Amino acid sequence: MRDFLVAGNWKMNGSLQANAELTDGILAGMPASDSVQMLVCPPYPYLADLAGKLAATKLSLGAQNVSQNEAGAYTGEVSPGMLKDIGCEYVIVGHSERRAMMGESSDIVAEKFMAALAVGLKPVLCVGETLEEREAERTEAVIDEQLNAVLDSAGVDSFASAVLAYEPVWAIGTGLTASPEQAQDVHRHIRAAIDSRNEDIAASIQILYGGSVKGENAAGLFTMPDIDGGLVGGASLKADDFLAIAHAAASLV
Ligand code: PEP
């Protein structure tokens, strides 16, 4: 059995005070079950502060992005080694907002994935189609392109230390959620793609669903056989909302 992972992507939200209140609230209400892991991904400036606060807790810490380069003349970038140095465990790579707004190609995402792994960070690799691509029945082709770019460069063995997230772009921040069946269809496809290269890794890798996950829809999604938790944006910014999702997972273990 795979553990559930409930991950919060705070995006460009927060302040010292708001983060302290949010993490206090999460820590006070986390499910007791060891089968439900929780992760928060705050903006860069707050990571070091939160790394200290969360170090002795079961709430994991990750970043939302990372440079593919180790060091040097890359103004404004943050290296994988720096994230590791300050105590991050995870990093999101390939979020659709970065693919769309920052022009991150699947090849760049693959470089970031490998750079993260090289220092011992666990990448959370996001893949997902736009509404236009879904309506053109290109969902699987898009997922294959995004996934194969990383599988071909990094090799399937590297996925033993990674997490995947299926995030249909049309469901992110829109209030629209993929139905459990729609999400499961894509999760099954993703796991099969990994399985065709390595059965053991396919069986063990966590594949999260992301796209307007809330307390009310989480259990329906998480009962699906290939959905191992959620990558949560909006609902990760309030402790009670985020905890409701984690407790939905805990009710299933
Ligand atoms: C996300 O940003 O990864 C996300 C899934 O956002 P939301 O939950 O707000 O749709």
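Coordinates for the structure precede this section.
In short, a report on the structure. Owing to the predicted nature of the structure, the values given are computational and were not obtained by experimental measurement.

This brings us to helix H5 (residues 106-118). With 13 residues, H5 extends 18 Å from end C-alpha to end C-alpha; this agrees with the ideal 18 Å at 1.5 Å per step. Among the residues making up H5, those that are buried are Ser106, Val109, Ala110, Lys112, Phe113, Ala115 and Ala116. Looking at the packing, one finds that the buried side of H5 touches helix H3 (80-85), strand E4 (90-93), helix H4 (96-101), strand E5 (122-127) and helix H7 (139-154). Directly after H5, the chain includes glycine 120, whose backbone phi takes a positive value near 90°.

Let us now look at helix H8 (residues 180-195). Along its 16 residues, H8 runs 22 Å from first to last C-alpha, staying within 8% of the 22 Å computed at 1.5 Å per residue. Where H8 is concerned, the buried positions are Ala183, Gln184, Val186, His187, His189, Ile190, Arg191, Ala193 and Ile194.

All right, on to the site of the ligand then. Taken together, 14 residues lie around the ligand, and Lys11, Glu167, Gly173, Ser212 and Gly233 are the ones closest in. Side-chain polar atom of asparagine 9 to an oxygen atom of the ligand: 3.4 Å apart, as the coordinates give it. Coverage of the ligand by the protein amounts to 95% of the 290 Å² it exposes when considered alone. Most atoms of the ligand, that is more than half of them, are within 2 Å of grid points of the second largest pocket. When its residues are assigned to classes, the shell around the ligand shows 4 nonpolar, 8 polar and 2 charged.

Definitions and cut-offs
- Residues numbered from 1 in each chain as written.
- Predicted model: local features only at pLDDT ≥ 70, side-chain atom pairs only at ≥ 80, totals over all residues.
- Heavy atoms only, no water.
- Helix = DSSP H or I, 4+ residues; strand = E, 2+ residues; numbered from the N terminus.
- Expected span 1.5 Å × (residues − 1).
- Buried < 20%, exposed > 50% of the residue type's maximum accessible area, 1.4 Å probe, protein only.
- Contact = heavy atoms within 4.5 Å.
- Near = heavy atom within 4 Å.
- Polar contact = N/O pair within 3.5 Å; in protein donor to acceptor, adjacent residues only side chain to side chain.
- Areas by Shrake-Rupley, 256 points an atom, 1.4 Å probe, with all protein chains shown as cover.
- 1 Å grid on protein atoms, 1.4 Å probe; cavity = no way out; pocket = protein on both sides within 12 Å on 5 of 7 lines; lining within 4 Å.
- Sits in = over half its atoms within 2 Å of the grid points.
- Nonpolar A, V, L, I, M, F, W, Y, C, P; charged D, E, K, R; others polar.

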